[in-house]
Every structure is written in structure tokens, then in C-alpha cells.
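Architecture and fold: a report
Residue strings, one per chain:
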Amino acid sequence: AQSVAQPEDQVNVAEGNPLTVKCTYSVSGNPYLFWYVQYPNRGLQFLLKYITGDNLVKGSYGFEAEFNKSQTSFHLKKPSALVSDSALYFCAVRDMWADSWGKFQFGAGTQVVVTP
Amino acid sequence: EAGVTQFPSHSVIEKGQTVTLRCDPISGHDNLYWYRRVMGKEIKFLLHFVKESKQDESGMPNNRFLAERTGGTYSTLKVQPAELEDSGVYFCASSQDYTGELFFGEGSRLTVL
């Protein structure tokens, strides 16, 4: 079984400050981890993924995430947040042994609010 | 290039009625997925098509839900009869390969009264 937890329903940050969105996961095998973002009235957009290799993954719009196997975490980070980063962020995991490649387990989402 | 399109964007029906949601994937994408987000909770997997075949339908909640993808192009998801707990946002996504990046539509919001 696979599961994802995003412990914060909402994260508030001032523009220019660092942004962190937390995600922890549980899978039976090695995880494939993803972050997606949903802007208002839009579909989910891919930000970045971790499959294997370097634990620090860089993605779109200046975001990055660090895979931590011992803590089973994949937190999303951005050094300096922009007002335009305000959106709903979803963490997703797929067990490498899942029957279907697209059978992701998503978290409940974290609303990010960046204030000017 | 056109993205994944879903129709309708919002549907309001009464309990016991039928609703059909449609998804047009990105042209050339063999993989098509349906997901659902209920009451602001997790986005949950419903099923996966590879071309016209159902690869995995383990997430379909019950036999009131029927998904089809005739000809391997667009897909429909029919709910018949609809129940109150079916309310939510239904997302469709497509992908060309297995790199992990799914392309999502804007979703179809279903409200069952």
C-alpha cells in the first residue's frame, strides 16, 4: 500500500521569504515521488519528480525538493517565494511495484498563500 | 498544442440521475487516467487506459461508474445512478510514455443534490 501525508492544509509566507511545503510518504518498495501545482481554475501541472539518483531535485519555477529516505520525506522548497506562487500544491507517490504507472497516491494538498 | 480538455466543467444533477463526463487527451497520448478529488481530500486514482484497453481499474468505487475509451482517443466516465457521495472534482490526465509526468485537464466538478 502507498500513502502520502501533507501535514499542513495551508502555508502562509511573505514574498521574498523561503517557502517549504512538507510531504511524507509510505510505500512498500522504492518510491517514485512527484510534486504538482494547481493554480486557480487550472489543471494540475507537473513541477518535479524523484525517481533515482541525486536526492536534491530541481524543477520548474525555481522549486526544488529533497528526497530523504530515512525520514520518508520529500519536502518542496523555494528559496524566495513570489506572490505568483500562491496555489494548491500536491505531493504524489508511486510504488515502483505498482501495477499501473499512472497509479499515483496524492496527498490532500497544501494551499500556499504568499503575501506581498 | 492543445492540452487535456474536459467537459463539462461543472455539472449539477439530482440523486438518481445520470451524468457523463468527457475527456479529450493530448493527441498521441496512449495513456489516459481518471482521478477524483472528493470534499477537498486526496486526489484518488480511478482507472488507467492504454489506448482503448483498461490497464487498471482498481480505483473505480463501484459498478455505478463506467469508463470507456472507444478507439483509443477520447474517454467518457458515466455515473449511473448518481449518489450524493459522488460529488467532487473528476480529473482526467494523459501521458505519452512512462516518465511520470501526467498532463491534467482542468477537471469536471460534479455536484449531486
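The paragraphs below set out a description of the structure included in this document. (Residues numbered from 1 in each chain as written. Chains lettered and ligands numbered in written order. Predicted model: local features only at pLDDT ≥ 70, side-chain atom pairs only at ≥ 80, totals over all residues. Heavy atoms only, no water.)

1. Some remarks on the state of the cysteines
Using the criterion set out here, one finds two disulfides over all chains in the structure. The disulfide partner of Cys23(A) is Cys91(A), and the S-S distance across this bridge is 2.0 Å. Between Cys23(A) and Cys91(A) the disulfide shows an S-S torsion of about -65 degrees. By sign, it is left-handed. Linking Cys23(A) in the loop between strand S3 (19-21) and strand S4 (24-26) with Cys91(A) in strand S10 (residues 87-95), this pair joins segments that are 68 residues apart in sequence. Assessed through its relative accessible area of 0%, Cys23(A) is described here as buried. Residue pairing for Cys23(B): its cysteine sulfur links by disulfide to Cys92(B), the two sulfurs lying 1.8 Å apart. Between Cys23(B) and Cys92(B), the S-S dihedral sits near -65 degrees, and the bridge is therefore left-handed. Here Cys23(B) is found in strand S3 (residues 19-24), whereas its partner Cys92(B) is found in strand S9 (residues 88-95), with 69 residues between them in sequence. By relative accessible area, which is 0% here, Cys23(B) ends up buried. (Disulfide = S-S within 2.5 Å. Helix = DSSP H or I, 4+ residues; strand = E, 2+ residues; numbered from the N terminus. Buried < 20%, exposed > 50% of the residue type's maximum accessible area, 1.4 Å probe, protein only.)

2. Comments concerning the pattern of salt bridges
All names here are of chain B. Applying the stated criterion to the full structure yields seven salt bridges over all chains. Here Glu83 and Lys15 are joined by a salt bridge, their closest N and O atoms 3.9 Å apart. Of this pair, Glu83 sits in the loop between strand S8 (75-79) and S9 while Lys15 sits in the loop between strand S2 (10-13) and S3, and the two are 68 residues apart along the sequence. (Salt bridge = Lys/Arg side-chain N within 4 Å of Asp/Glu carboxyl O.)

3. Considerations on the nonpolar core
Among the nonpolar cores identified, the biggest contains 28 residues, and Leu19(A), Trp35(A), Leu47(A), Leu48(A), Phe74(A), Leu76(A) and Tyr89(A) are the most heavily contacted of them. Put simply, the parts of the chain that give this core at least two residues each are strand S2 (10-14), S3, strand S5 (31-38), strand S6 (44-50), strand S8 (64-68), strand S9 (73-78), S10 and strand S12 (110-115) of chain A. Here this core takes four residues from S10(A), the largest share from any one element. Apart from the residues lying within four places of it in its own chain, the contact partners of Leu19(A) are Val11(A), Val13(A), Phe63(A), Leu76(A), Lys77(A), Lys78(A), Ala81(A) and Val112(A). With 21 residues, the next largest nonpolar core counts Cys23(B), Leu46(B), Phe49(B) and Cys92(B) among its residues. (Core = buried A, V, L, I, M, F, W, Y, C linked by side-chain atoms within 4.5 Å. Contact = heavy atoms within 4.5 Å.)

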